[in-house]
Amino acid sequence: MPLILNEEQEMLQDAAKGFLAEKAPVSAFRTVRDNKPADGFCRQLWTEMAQMGWAGIIVDETHGGSGFGYVGAGVLAEEMGRNLTASPFFSTSVLGATAIQKYGTEKQKDENLAAISGGETLFALAVDEGPRHKPDHIAFSAEPAGNGFILSGTKTFVADGHVADKLIIAARTSGDEGDTAGITLFLVDANAPEITRVHTPMVDSRNAADIAVEGLEVTGDDILGELDGGYAALEGILSAGRAVLSAEMSGSAQQVFDVTTDYLKEREQFGQKIGSFQGLQHRAAQLATEIEMMKSAVLKSLKDLDQDFDNAGMTCCLAKAKTGQVAQLATKEAIQMHGGIGVTDEYDVGLYFKRVHVAQQMFGDAGFHSDRWARNSGY
Amino acid sequence: MSDLDKFRAEVRTWLDENCPEEMRDGDITPENQCWGGRQWEFQSEAQKIWFERALAQGYTVPTWPKEYGGAGLSAEEAKILDEERQAINARKPLSNFGISMLGPALLAYGTHEQKAQHLTAIARGEIRWCQGYSEPGAGSDLASLKAKCEDKGDHWLINGQKIWTSNADISDWIFCLVRTDFEAPKHQGITFILIDMASEGISVKPIVLISGHSPFCETFFDDVKVPKSYGDNNPSVVGEINRGWDVAKNLLVHERGMLGTMSPLRGTTGPESLGKFAAEKIGLDATGRLDDPALRQRIAQAELDNWAYDLTVARMTDEANAGNGLGAKSSMLKYVASELTKCGTELRMDIEGTTAATIGEDGIEYGSLANNWLYNRAYSILGGTTEVQFNIISKRVLDLPSQ
Ligand SMILES: Cc1cc2nc3c(=O)[nH]c(=O)nc-3n(C[C@H](O)[C@H](O)[C@H](O)COP(=O)(O)OP(=O)(O)OC[C@H]3O[C@@H](n4cnc5c(N)ncnc54)[C@H](O)[C@@H]3O)c2cc1C
Ligand SMILES: Cc1cc2nc3c(=O)[nH]c(=O)nc-3n(C[C@H](O)[C@H](O)[C@H](O)COP(=O)(O)OP(=O)(O)OC[C@H]3O[C@@H](n4cnc5c(N)ncnc54)[C@H](O)[C@@H]3O)c2cc1C
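Bear in mind that the values here come from a model prediction, so they are computed numbers and not experimental data. (Residues numbered from 1 in each chain as written. Chains lettered and ligands numbered in written order. Predicted model: local features only at pLDDT ≥ 70, side-chain atom pairs only at ≥ 80, totals over all residues. Heavy atoms only, no water.)

Student: Would you take a moment to explain the site of ligand 2 for this structure?
Tutor: The environment of ligand 2 is formed by 19 residues, the closest being Gln131, Ser140, Trp164, Thr385 and Glu387 of chain B. Chains contributing residues near ligand 2 are chains A and B. Between ligand 2 and Asn391 of chain B there is a distance of 3.1 Å, counted from a nitrogen atom to a side-chain nitrogen or oxygen. Contact with the protein chains removes 68% of the 970 Å² of surface that ligand 2 exposes when unbound. Looking at the shell around ligand 2, the elements with two or more residues in it are strand 3 (155-166) and helix 11 (386-397) of chain B. (Near = heavy atom within 4 Å. Polar contact = N/O pair within 3.5 Å; in protein donor to acceptor, adjacent residues only side chain to side chain. Areas by Shrake-Rupley, 256 points an atom, 1.4 Å probe, with all protein chains shown as cover. Helix = DSSP H or I, 4+ residues; strand = E, 2+ residues; numbered from the N terminus.)

Here you go:
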C-alpha cells in the first residue's frame, strides 16, 4: 500500500481547499472569535459541510455517510488546520462517528450514524477529569441500580461539550481509579436535566466545556461497547482522534511554515531579504525536514486506521508525539522569524500558536506519547 | 493475484531457498559486508555461496539491465525484493561504491561500451571502486578542486592530490573529478574520469581516524598517464569533457540517496530495540519504566524519530515512483539519517556507561561499539556536511534568496 494519497483522496483535498478558501478562511475564524456566538461556531457553515458529505466522512455509505475512511477525514482535517476552521467536525464526525460505527450496536448505529452524516446530531466525548490527559484515571462513577446505573461525576475539557446533543461518557463501573479494567462508555442525552454544562473559553477560542452529572439514571441499552471493557473502545476512539487531530495540527504547521517562508522572501533588513541570512535558513531547513517526518507519520496513522483499526494504536501514538513537537516548533519559529509583527493579534501566526498548544494538550502531548511508546516497547 | 503479488511470492521462495542461514543475521555492517574487488577474500563459505547465487539471479544489482549483469527489475519490484530480504534479515549479497555511486552515474551518462566494461565488472564483484572528489582545499566547496588534467594527445596527464578517499588502499579503480580548464568558471572546467589505481604515479597514504583505524587515505597523482580510451567507444572520461560537474551532481544525489536510505538505528543493538537493550542493561523502576528517566526519554525520542524517518523514506520513494521525483529532498533524508546514526551509537555508549568506554591494551578494536561510535561522527560530514544539506534545502526546496 503506497504511502501517498490516491486519486479520489486528492480530489477530496482539492475540493476541501476550494471550499474552505471561500467559506471558512482564517478571517471567518476571527469573526467567530470576536463575535462570540453562543454556539462557538457557525451553524450555516456546518450545514454546508454536511451537504458536502464531510459530516459523515468516515461513515459507511449504508448509513448515509461518504465512506472516505480516516485518510479522508485526515485530508479534511489538514485543510481545516490550515484555515483554523472551527466546527463540530472533530467531536462529531471523528470521535462520535468512530465510537458508534466501531463499537455501537446495530440499533445504536441506525439511530445515530445517519444523523451524524446529515450534520443533525452533535456529539462530544467526555474523558478527562483533570487538566492533564489521563484516560486510564477515570473516577466518574456509574453505580449499578436496578436494571441500570446511576451516573455521577465531573469531566473537564470536553470539546464541543456545551453544544453537543449527545455525550459519550467514560465512567467507572468497577475497579479503582487508575485501573483500565472496569471502565464503561455510556451514550447519553446531553440535555438531560441531571447534566450541567459550563462553557470554558479556551486560549485557542475553540469550544470546550466542564460537565457535571448528578444522579443521571441510565440503562444497559445506553452502554456503548462492553460493560467494564470500555477501555479498549476508548483507546480505539482516542487513537482515531489522535490521528485526525495530528492531521489538523500538521495542516496548521504547514500553513504557518508557508506563511513564514513567504515572509522570509519578502521582508528586508540590512539591505537584503531576511531569508538570505544563514541563521534563519538553517532553522527553516531543519523545520522543513521535521515537517516531512511529521507528514509521513500522520499519513501512516490514518492509513493504518483504515486498514487495521484495532492495531493502529502505536502509529497514532507516533503521529501525535511527532506532530505535538513539530507543530509547536513550527508555530514558535513562525512568530520568532516574523519579528515584532509575529506577536501582534492582527497577524495570523499567533492564532496558530494558540490552537496548536491546545491541540497538543488534547489526548496527550508529545511527552505523554513518548512515555506510552516506551512502555509499550517494554522500557 | 497481480503481477507484483506474484513477483513477491516468487522472490520470497527464492530467498528462502537460496539465502544461507548464516547470512540472515540482521543488516550488514562495514565489517561483515561483501565488498568485492581484486583483493577480496570471502569471510565465510556462506558469504561466497550467497554472493554467487545472487549473482546468477542478477540480484547483486537488481535494477540494472540484464545485459550488464543486473536483473532488470522495476523500482516497484526492487522495493519488493528489498522488503522481502529485510523480512528475513538477510544481508545484501554485495555492496560497494561501484553499486551505489558510480553505477547510477554510468547508467545515466555512459556509452554502451563503458557500461559493458564497468557495470558488468561491478555487478560481478570483480572491481572495487573508490571516490576521488575531495581535495585538501576543496571540501564542501567541491567545485574549487584543482587536480590538474592535461590533454597529451593519446592520453591524459594528471597531477594533484585527493584526500579522504575511502578505502583507496584496497580499491582497484577510482572515479575522479579533475580540472581540465583553469580559465573557465569553476563549475565548467571539471571532468569526470575513470582511472585504474594500478597506474604508475598513483600513491596512497592512509589517514588514521579518531578511532585509531584508517578506512581512508590521501591519494597522490604524480604524472599519471590515463589512456584516452579503454576500447572502441569506451573513453576514460564519462560524459563530456569540462561537463563533469553534471555527472558529479547526479552521483551526489545517488550518494545522498544511499546514505539516506539506511534505517539508521537498526543494527545499533542487533535485532533488539535500543529500549529493550537498555532495559536489560539498566533495569526497570517500580512502575515498569527504565530506571533512568532522562536516558529513557532520549531513547524514546530516537526510536520515534527513526520510525518517522523510515516512513518518510517510504513515502518519498512512493512519491518519486509516482513521478514527482525526489530531487533535493534527498538532502533531508541524508541529514536525518546521519543525525540518527550518530545518535544510535551515542545512546548505546551511554547505556553501557564505563564498560563501553573501556578499551583493551591493543586500543580500540575494529568493529567494536567504541569504534563505531567514533566513526559515526563522520556521517554528518561525508557526502556533504549537515550545513551543506541545509544550504541545499534552503535554496532548492524552500527557494530562499541568496545573499
Ligand atoms: C512587545 C514589543 C515591544 C517593543 N517595544 C519597543 C519600543 O518601546 N520602542 C521601539 O523602538 N521598539 C520596540 N519594539 C520593536 C523591537 O525592537 C523590534 O521588533 C525588533 O528590533 C525586531 O525588529 P522587527 O520586528 O522589525 O523584526 P525584523 O528585524 O524584521 O526581524 C525579523 C526576523 O529576521 C531576523 N533577522 C533580522 N536580521 C537578521 C540578521 N542579520 N541575521 C539573522 N536574522 C536576522 C530577526 O531575528 C527576526 O527573527 C518592541 C517590539 C515588541 C515585540
Ligand atoms: C569518513 C569520511 C569518508 C570520506 N570519504 C570520501 C571519499 O571516499 N571520497 C571523497 O572524495 N571524499 C570523502 N570524504 C570527504 C567529505 O566529502 C568531506 O569531508 C566533506 O565534503 C567536507 O569537506 P571538508 O572536510 O573539507 O570540510 P569543510 O568544507 O572545510 O567544512 C568545515 C566546516 O564548515 C562548514 N561549512 C563549509 N561550507 C559551509 C557553508 N557554505 N555554509 C555553512 N557551513 C559551511 C562545514 O559544514 C563544516 O562544519 C570523506 C569524509 C569522511 C569524514
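Student: I keep staring at the packing of aromatic side chains and nothing clicks. Help me out?
Tutor: Residues and elements named next belong to chain B. Counting across every chain of the model gives 18 aromatic pairs over all chains. When the ring of Tyr133 is compared with that of Phe175, the centres are 6.2 Å apart and the planes differ by 85°; the resulting orientation is edge-to-face. Residue Tyr133 is found in the loop between strand 1 (129-132) and strand 2 (148-151), and its partner Phe175 is found in strand 4 (residues 173-179); the two are separated by 42 residues along the sequence. For the pair formed by Tyr133 and Phe175, the shared burial category is buried. Ring geometry for Trp164 against Phe216: centres 5.3 Å apart, planes inclined by 40°, an arrangement best described as tilted. Pair noted here: Trp164 is in strand 3 and Phe216 is in strand 7 (residues 216-227), with a separation of 52 residues, a long-range link. An aromatic cluster of three or more residues is present, and its members are Trp129, Tyr133, Trp173, Phe175, Phe192 and Tyr230. One Lys or Arg, Lys228, reaches over the ring of Trp156 and ends 4.7 Å from the middle of that ring. (Phe/Tyr/Trp six-rings, centres within 6.5 Å; stacked < 30°, edge-to-face > 60°. Buried < 20%, exposed > 50% of the residue type's maximum accessible area, 1.4 Å probe, protein only. Lys NZ or Arg CZ within 6 Å of the ring centre and 35° of its normal.)

Student: Looking at this structure, I do not really get helix 5 (residues 89-103) of chain A. What am I missing?
Tutor: Every α-helix carries 3.6 residues per turn, so stepping three or four residues along brings you back to the same face. Maximal helix bending in helix 5 of chain A amounts to about 30°, located at Ala97 of chain A. The buried count for helix 5 of chain A comes to 14 of 15 residues, which makes it a mostly enclosed element. (Bend = angle between axes of the 7 residues up to and from the residue.)

Student: Could you clarify how one ought to interpret the environment of Ser276 of chain A in this entry?
Tutor: With respect to the helices and strands, Ser276 of chain A occurs in the loop between strand 10 (272-273) and helix 8 (278-307). A residue is classified by how much of its surface remains accessible, and Ser276 of chain A, at 4% relative accessible area, is buried.

Student: Please clarify how the state of the cysteines should be interpreted in this entry.
Tutor: Throughout this description, disulfide means a covalent bond between two cysteine sulfur atoms. In total, this model carries zero disulfides over all chains according to the counting rule given. With no disulfide of its own, Cys316 of chain A has Cys317 of chain A as its nearest cysteine by sulfur position, at a separation of 8.8 Å. The thiol of Cys130 of chain B is not disulfide-bonded; the next cysteine sulfur, from Cys176 of chain B, is found 7.7 Å away. (Disulfide = S-S within 2.5 Å.)

Student: Whenever I open this one, helix 4 (residues 97-109) of chain B confuses me. Can you help?
Tutor: Residues and elements named next belong to chain B. Between its terminal C-alpha atoms helix 4 stretches 17 Å, which fits the 18 Å expected from 13 residues at 1.5 Å a residue. In helix 4, a bend of some 35° at Gly103 exceeds every other bend along the element, and Pro104, a proline, comes one to four places later. In terms of burial, helix 4 is largely enclosed, as 10 of its 13 residues are buried. Regarding helix 4, the residues found buried are Phe97, Gly98, Ile99, Ser100, Met101, Leu102, Gly103, Pro104, Ala105 and Leu106. Taking the backbone nitrogen of Gly98 as reference, a side-chain oxygen 3.0 Å away marks Asn96 as the first, capping residue of helix 4. (Expected span 1.5 Å × (residues − 1).)

Student: What is the right way to look at the interface of chain B and chain A in this model?
Tutor: The extent of an interface is frequently quoted as the accessible surface area lost upon association of the parts. With 42 residues of chain B at the contact, the number on the chain A side is 41 residues. When residues of chain B are sorted by the area they lose upon contact with chain A, Leu304, Trp307 and Arg315 of chain B head the list and together hold 17% of the total. Linking chain B with chain A are five salt bridges, by the criterion used here. We note a salt bridge from Glu292 of chain A to Arg315 of chain B, for which the minimum N-O separation is 2.6 Å. For the pair chain B and chain A, the interface holds 20 residue pairs in polar contact (both at pLDDT 80 or more). (Contact = heavy atoms within 4.5 Å. Buried area = accessible area lost by both parts, 1.4 Å probe. Salt bridge = Lys/Arg side-chain N within 4 Å of Asp/Glu carboxyl O.)

Student: I keep staring at the domain arrangement of chain A and nothing clicks. Help me out?
Tutor: Residues and elements named next belong to chain A. Partitioning chain A into domains gives domain 1 (7-122), domain 2 (124-229) and domain 3 (231-376). Each side of the interface is counted separately: domain 1 has 24 residues, and domain 2 has 20 residues. If you sort the residues of domain 1 by the area they bury against domain 2, Ser91, Gln108 and Leu122 come out on top, with a joint share of 30%. Where domain 1 touches domain 2, the interface holds zero salt bridges. At the junction of domain 1 and domain 2, the tally comes to 12 residue pairs in polar contact (both at pLDDT 80 or more). At the level of secondary structure, the elements contributing two or more residues to the side of domain 1 that touches domain 2 comprise helix 2 (26-35), helix 5 and helix 6 (106-117). Residue contributions to the side of domain 1 that touches domain 2 peak at six residues, all from helix 5. Residue composition of the side of domain 1 that touches domain 2, by class: 11 nonpolar, nine polar and four charged. (Domains from an automatic or database assignment. Nonpolar A, V, L, I, M, F, W, Y, C, P; charged D, E, K, R; others polar.)

Student: How do you make sense of the site of ligand 1 when you look at a structure like this?
Tutor: Residues and elements named next belong to chain A. Lining the immediate surroundings of ligand 1 are Arg267, Gln269, Phe270, Ile274, Phe277, Leu280, Gln336, Met337, Gly339, Gly340 and Val343. Gln336 places a polar main-chain atom, nitrogen or oxygen, 2.7 Å from an oxygen atom of ligand 1. Gly340 places a polar main-chain atom, nitrogen or oxygen, 2.6 Å from an oxygen atom of ligand 1. Taken by itself ligand 1 offers 970 Å² of open surface, and the protein chains cover 40% of this.

Student: How should the pattern of salt bridges be read in this particular structure?
Tutor: Where side chains of opposite charge bring their charged atoms close, a pairing between them can arise. Evaluated as defined, the whole model comprises 45 salt bridges over all chains. Residue Arg289 of chain B is joined to Asp371 of chain A by a salt bridge in which the shortest nitrogen-to-oxygen separation is 2.8 Å. Of this pair, Arg289 of chain B sits in the loop between helix 7 (274-282) and helix 8 (293-324) while Asp371 of chain A sits in helix 11 (residues 366-376), on two different chains. With relative accessibility at 22%, the residue Arg289 of chain B sits in the partly exposed group. The partner of Glu83 of chain B in a salt bridge is Arg8 of chain B, with the nearest N and O atoms 2.9 Å apart. Here Arg8 of chain B lies in helix 1 (residues 3-18) and Glu83 of chain B lies in helix 3 (residues 75-87), a separation of 75 residues in the sequence. Residues joined in a network through salt bridges with shared partners are Arg30, Arg33, Asp34, Asp345 and Asp348 of chain A.

Student: Looking at this model, I keep getting lost on the packing of helix 8 of chain A against helix 11 of chain B. Mind explaining?
Tutor: Interaxial distance between helix 8 of chain A and helix 11 of chain B falls to 8 Å at its minimum, and their mutual angle equals 85°. Compared by their axis directions, helix 8 of chain A and helix 11 of chain B come out roughly perpendicular. Facing Gln278, Gln281, His282, Ala285, Gln286, Ala288 and Thr289 of chain A of helix 8 of chain A, the residues of helix 11 of chain B in contact are Glu387, Phe390, Asn391, Ile393 and Ser394 of chain B. Of the residues assigned to the contact of helix 8 of chain A with helix 11 of chain B, the class counts are four nonpolar, seven polar and one charged. (Axes fitted to C-alpha atoms, helices over the stretch in contact; angles between N-to-C directions. Parallel < 35°, antiparallel > 145°, perpendicular 65-115°, else oblique.)

Student: Can you help me understand the pairing of strand 3 (residues 148-159) of chain A in this one?
Tutor: Within a regular strand, side chains alternate between the sheet's two faces. All names here are of chain A. As paired elements, strand 2 (residues 141-145) and strand 3 share five bridges and run antiparallel to each other. Bridge pairing in strand 3 links Ala142 to Leu151. Taken together, the 10 bridges between strand 3 and strand 7 (residues 208-219) define a ladder with antiparallel strand orientation. Bridging across to strand 7, Phe149 finds its partner in Val218. (Pairing = 2+ DSSP bridges.)

Student: Which parts of the structure should I look at to understand unusual backbone geometry?
Tutor: Excluding glycine, residues mostly carry a negative phi; peptide bonds, for their part, are mostly trans. Unusually for a residue other than glycine, Asp228 of chain A sits at a positive phi of about 65°. Secondary-structure assignment places Asp228 of chain A in the loop between strand 8 (223-224) and helix 7 (230-264).

Student: Could you clarify how one ought to interpret the nonpolar core in this entry?
Tutor: Counting 154 residues, the largest nonpolar core has Phe89 and Leu151 of chain A as the members making the most contacts within it. In this structure Phe89 of chain A touches Trp46, Trp54, Ile57, Ala73, Leu76, Ala77, Met80, Val94 and Val244 of chain A, once residues within four positions along its chain are discounted. Core analysis: the next-biggest nonpolar cluster, separate from the first, contains 38 residues, Val61, Leu145, Trp245 and Leu251 of chain B among them. (Core = buried A, V, L, I, M, F, W, Y, C linked by side-chain atoms within 4.5 Å.)

Student: I'm lost on the confidence of the model for chain B in this one. Help?
Tutor: When pLDDT drops low, the exact placement of atoms in the prediction is not to be read closely. When the pLDDT values of chain B are averaged, the result is 92; 96% of them are 70 or greater. Taken together, the chains of this predicted complex give a pTM of 0.93 and an interface ipTM of 0.96. (pLDDT = per-residue confidence, 0-100.)

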